[in-house]
Amino acid sequence: MSILDQIRARAAADPQHIVLPEGEDERTVRAAALIVADRIARITLIGREAVIRAKAATLGADLTGVAILDHRRAREREAYAARYHEMRRAKGVTLEEAHQQMNDALYFGNLMVREGHADGSVSGATQTTGHTVSAALRCLGPKAGLKVVSSFFVMVVPDPQLGESGAFVFADCAVIINPSAAELAEIAIASAESARALLGVEPRVALLSFSTKGSAKGPLVDKVVEATRTVRARAPQILVDGELQLDAALVPAIAESKAPGSAIAGRANTLIFPDLQAGNIGYKLVERLAGATAVGPVLQGLAQPANDLSRGCKAEDIRDTVAITAVQAQAINRR
């Protein structure tokens, strides 16, 4: 089974309730039909029921078992507005503005998750990443103990000798541009949890640099060293090392030379890049030159699961993102 097949199977084993705020989008309608047919999750589409059902009929999409909720008329609207006002009034949001915000399906959908009426949300097919992430942050907030929300990719390379049978978590490749040492440590902690939840493995975390164990000096290296020290202090249960060059993180023979005695060198399965330039370039290099499969970006560090889509996504991409979100929800519900 491919990694996506495994994730879909795990989602189907314990179906979660996922809300899709862009319910009137044709790709979302088609995805909802695919998801319920494969029993990956329970789905609520947000939007006007007449519009959604007309599109389903045109597409030949069977929405049996899919709930449809018009956020403009929903009975929960008042309660959600009051809740949002309570959460955001310290930021200057008035009750009238909170009511107005409920016209935005992304905010309404994430408040469904916040209030326990759904387990996760997936959006972004018609909205920018900035808007999608802002709605999730304002409604859900960061996970307890974390201050930043970041992202990761699941990368699957052809060589099963690498990572975890060829699978890796790469972070952060999409959200935090130039993390501080403290933020980099939080990205590493969140990524370890993501690797455990999505790959079902014990994370072995490498904080990457152009230096290995003091082979180079300077503020860029110092940041990674400090981040590694912070991870060990805050989460001593995580197998982590840094600073490591990529070859020392992945190749046992090189690790023996460059980082002897390291608990994870040569067999890392979770790679933490020092900034967004390195992470974004790194995942695209591996995808294009090594023929790897890239799944993501997936958001991490939120109190409850919410994920972003590319505006160029297909129905199948939405289905797979829902499966990932469902597995994240399973991990939270188990805790």
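In this text the structure is predicted, and so the values were computed from the model without any measurement.

Peer 1: So what's going on with the side chain of Gln16? Residues and values would help.
Peer 2: Tracing the chain through its elements places Gln16 in strand S1 (residues 16–20). On the basis of relative accessible area, Gln16 is assigned to the buried category, the value being 4%. A polar contact of 2.6 Å, which involves the side chain of Gln16, links it to the side chain of Asn333. Here Gln16 is in contact with Ala41, Arg42, Asp119, Ala326, Ala329, Gln330 and Asn333, once residues within four sequence places are set aside.

Peer 1: Please set out the pairing of strand S6 (residues 167–171) residue by residue, giving values where relevant.
Peer 2: Burial analysis of S6 places five of its five residues in the buried class, the great majority of the element. On S6, burial covers both faces: Ala167, Val169 and Ala171 on one face and Phe168 and Phe170 on the other are all buried. Here three bridges tie S6 to strand S9 (residues 270–272), and the two strands are oriented parallel to one another. Counted as the bridge partner of Ala171 is Ile272 from S9.

Peer 1: Any chance you could break down the packing of helix H6 (residues 105–114) against helix H7 (residues 129–140) for me, citing the residues and the numbers?
Peer 2: Their axes nearest at 9 Å, the elements H6 and H7 cross at an angle of 35 degrees. Of the two possible hands of crossing, H6 and H7 adopt the one that is right-handed. Listed contacts from H7 to Leu106, Tyr107, Asn110, Leu111, Val113 and Arg114 of H6 are His131, Thr132, Ser134, Ala135, Ala136, Arg138, Cys139 and Leu140. Considering only residue class, the contact of H6 with H7 consists of eight nonpolar, four polar and two charged.

Peer 1: I'd love a proper account of the pattern of salt bridges, names of residues and values included.
Peer 2: Throughout the structure, instances matching the rule amount to 17 salt bridges. A salt bridge links Arg83 to Glu115; its shortest N-O distance comes to 2.9 Å. With a gap of 32 residues between them, Arg83 in helix H4 (residues 77–88) and Glu115 in the loop between H6 and strand S4 (120–123) connect regions that are remote in the sequence. Judged by its relative accessible area of 32%, Glu115 is partly exposed.

Peer 1: Tell me about the nonpolar core, and name the residues and values.
Peer 2: Among soluble globular proteins, nonpolar side chains are generally buried collectively. Core analysis: the largest hydrophobic core is formed by 60 residues, its most contacted members being Ile43, Leu63, Leu207 and Val322. With nine residues, helix H8 (residues 181–199) is the largest single contributor of residues to this core. Beyond its immediate chain neighbours, meaning those up to four positions away, Leu207 contacts Leu184, Ala188, Val224, Ala227, Thr228, Val240, Asp241, Gly242, Glu243, Leu244 and Ile272. Among the nonpolar cores identified, the runner-up in size contains 27 residues, and Tyr84, Ala118, Val133 and Ala135 belong to it.

Peer 1: Could you give me a rundown of the sheet that holds S1, with the residues and numbers involved?
Peer 2: Note on sheets: strands pair through backbone hydrogen bonds, and any given pair is parallel or antiparallel. Here five strands make up an open sheet; going across it, the order is S3-S2-S1-S4-S11 and the pairing parallel. Each having just a single partner strand, strand S3 (67–69) and strand S11 (306–308) make up the two edges of the open sheet. Neighbour-to-neighbour, the strand axes of the sheet open up by a mean angle of 25 degrees, direction not taken into account. Bridge analysis of S1 against S4 gives two bridges, and the strand direction is parallel. Paired with Ile18 across the bridge in S4 is Gly120. This element, H7, spans S4 and S11 of the sheet and lies at about 170 degrees to S11. Packing of helix H13 (residues 315–334) onto the sheet brings it into contact with S1, strand S2 (41–46), S4 and S11, and relative to S1 it is tilted by some 135 degrees.

Peer 1: Break down the side chain of Ser211 for me, citing the residues and quoting the values.
Peer 2: Along the polypeptide, Ser211 turns up in the loop between strand S7 (204–208) and helix H9 (219–234). Polar contacts involving the side chain of Ser211 include one to the main-chain amide nitrogen of Ser215, which spans 3.3 Å. Only 3.1 Å separates the side chain of Ser211 from the backbone nitrogen of Ala216, close enough to count as a polar contact. With residues near it in sequence (within four places) discarded, Ser211 still touches Ala216, Val221, Glu243, Leu244 and Gln245.

Peer 1: Could you give an account of the packing of aromatic side chains, with specific residues and numbers?
Peer 2: Taken as a whole, this structure holds five aromatic pairs when the rule is applied. On the numbers, 6.0 Å between centres and 70 degrees between planes, the contact of Phe168 with Phe170 is edge-to-face. Note on Phe170: relative accessible area 4%, which makes it buried. Every member of this aromatic cluster is reached through a ring pair, and the members are Phe168, Phe170 and Phe273.

Peer 1: So what's going on with the sheet that holds strand S8 (residues 239–244)? Residues and values would help.
Peer 2: What the six strands build is an open sheet, ordered S8-S7-S9-S6-S5-S10; its pairing is mixed. Both edges of this open sheet fall to S8 and strand S10 (293–300), since each of them pairs with a single strand only. Sheet twist, expressed as the mean angle between neighbouring strand axes with direction ignored, is 20 degrees. Pairing of strand S5 (residues 150–156) with S6 involves five bridges; the strand directions are antiparallel. Residue pairing in the sheet places Phe152 in a bridge with Ala171 of S6.

Cut-offs applied
- Residues numbered from 1 in each chain as written.
- Predicted model: local features only at pLDDT ≥ 70, side-chain atom pairs only at ≥ 80, totals over all residues.
- Heavy atoms only, no water.
- Helix = DSSP H or I, 4+ residues; strand = E, 2+ residues; numbered from the N terminus.
- Buried < 20%, exposed > 50% of the residue type's maximum accessible area, 1.4 Å probe, protein only.
- Polar contact = N/O pair within 3.5 Å; in protein donor to acceptor, adjacent residues only side chain to side chain.
- Contact = heavy atoms within 4.5 Å.
- Pairing = 2+ DSSP bridges.
- Axes fitted to C-alpha atoms, helices over the stretch in contact; angles between N-to-C directions.
- Left-handed = near helix turned anticlockwise from the far one by under 90°.
- Nonpolar A, V, L, I, M, F, W, Y, C, P; charged D, E, K, R; others polar.
- Salt bridge = Lys/Arg side-chain N within 4 Å of Asp/Glu carboxyl O.
- Core = buried A, V, L, I, M, F, W, Y, C linked by side-chain atoms within 4.5 Å.
- Phe/Tyr/Trp six-rings, centres within 6.5 Å; stacked < 30°, edge-to-face > 60°.

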